[in-house]
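# Tertiary structure, described
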Amino acid sequence: MFSKEESRLLRHEFWTSFGKSFPRKWILYDTKIKGFSFKFHFDTKTALVAIDLEDDLENRIKYWEKLQSLQSILKEDYLPEVIFEETYILDNDKEISRVYVPLDKKVSIHNKNTWRDVMEFFNKNMSLFEAFFEDYRDIFED
């Protein structure tokens, strides 16, 4: 079992190490679209990359419909394992819409032996999410 401080230090070490191993500027929150962001998630049980829709319900629905209209393209040309969840509840009980790809392996941010797999998964899959977004950005911006 790890103390909060030990856990915080491990998380910090992971993200610092990830940034050094894959030094590039990710889009993440810089989509220029309110409530539309890319996320990396890694905890003691799972790792995933996602597009999160977190704005008011009207905007969430608007962008959700646009993502759904591109679902077959996203799955066929970019990320075949992508999952669409219109209603996704975060740990803090906030409701969002999420399109994501989970790492199908047992991993933990507390286990350094799993870090390399997670970093490579993050780099590959977030790059594909970003490529999809860049190719279809105009659909989301209108």
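Our structure's up above, just so we're on the same page.
Residues numbered from 1 in each chain as written. Predicted model: local features only at pLDDT ≥ 70, side-chain atom pairs only at ≥ 80, totals over all residues. Heavy atoms only, no water.

### Quick notes on the packing of aromatic side chains
Describing an aromatic ring pair means giving the distance of the ring centres and the angle of the ring planes. Here is the rule: By convention, a stacked pair of Phe, Tyr or Trp rings (six-membered ring in the case of Trp) has centres within 6.5 Å and planes under 30 degrees apart, an edge-to-face pair has planes over 60 apart, and any other such pair is tilted. Each helix is a run of DSSP H or I of at least 4 residues and each strand a run of E of at least 2, with the numbering of both proceeding from the N terminus. Using a 1.4 Å probe on the protein chains alone, a residue whose accessible area is under 20% of its type maximum counts as buried, one over 50% counts as exposed, and one in between counts as partly exposed.
A full pass over the atoms with the stated rule returns 28 aromatic pairs. Ring centres of Phe14 and Phe18 lie 6.2 Å apart, and the angle between their planes is 0°; on these two criteria the pair is classed as stacked. In this pair, Phe14 and Phe18 both sit in helix H1 (residues 4-21), four residues apart, roughly one turn of the helix. Across the pair, exposure class does not vary: Phe14 and Phe18 are buried alike. On the numbers, 6.4 Å between centres and 90° between planes, the contact of Phe42 with Phe122 is edge-to-face.

### Digging into the nonpolar core
We count it as follows: Buried residues of nine kinds, namely Ala, Val, Leu, Ile, Met, Phe, Trp, Tyr and Cys, make up a nonpolar core once their side-chain atoms join them within 4.5 Å. Whether two residues are in contact is decided by their heavy atoms: any pair within 4.5 Å suffices.
One finds Phe36, Phe122 and Phe129 to be the most contacted residues of the largest nonpolar core, which totals 39 residues. Looking at this core, the elements that each hand over two or more residues are H1, strand E1 (36-42), strand E2 (47-53), helix H2 (57-69), helix H3 (71-78), strand E4 (95-102) and helix H4 (115-141). Counting residues per element, this core draws most heavily on H4, which supplies 10 residues. Non-local contacts of Phe129, meaning those with residues more than four positions away in its chain, are made with Phe38, Val49, Ala50, Ile51, Leu74, Leu79, Val82, Val99, Tyr100 and Val101. With six residues, the next largest nonpolar core counts Leu48, Tyr88, Leu90 and Ile96 among its residues.

### Describing the pattern of salt bridges
Rules: Here, a salt bridge means any side-chain nitrogen of Lys or Arg that lies within 4 Å of a carboxyl oxygen of Asp or Glu.
Inspection of the entire model under this criterion finds 14 salt bridges. Close ionic contact of Glu54 with Lys39 constitutes a salt bridge, the shortest N to O distance being 2.5 Å. Highlighted residues: Glu54 in the loop between E2 and H2 and Lys39 in strand E1, separated in sequence by 15 residues. Judged by relative accessible area, Glu54 falls into the partly exposed class, the value being 22%. With its nearest N and O atoms 2.9 Å apart, the salt bridge here joins Glu134 to Arg137. Here Glu134 and its partner Arg137 are both found in helix H4, three residues apart, which amounts to about one turn of the helix. Residue Glu134 is classed as partly exposed on the basis of its relative accessible area, which comes to 42%. The buried category is assigned to Arg137, whose relative accessible area is 18%. Taken together, the shared-partner salt bridges in this structure form one network comprising Lys39, Asp52, Glu54, Lys94 and Arg98.

Function cannot be read off these values alone, since they describe shape.
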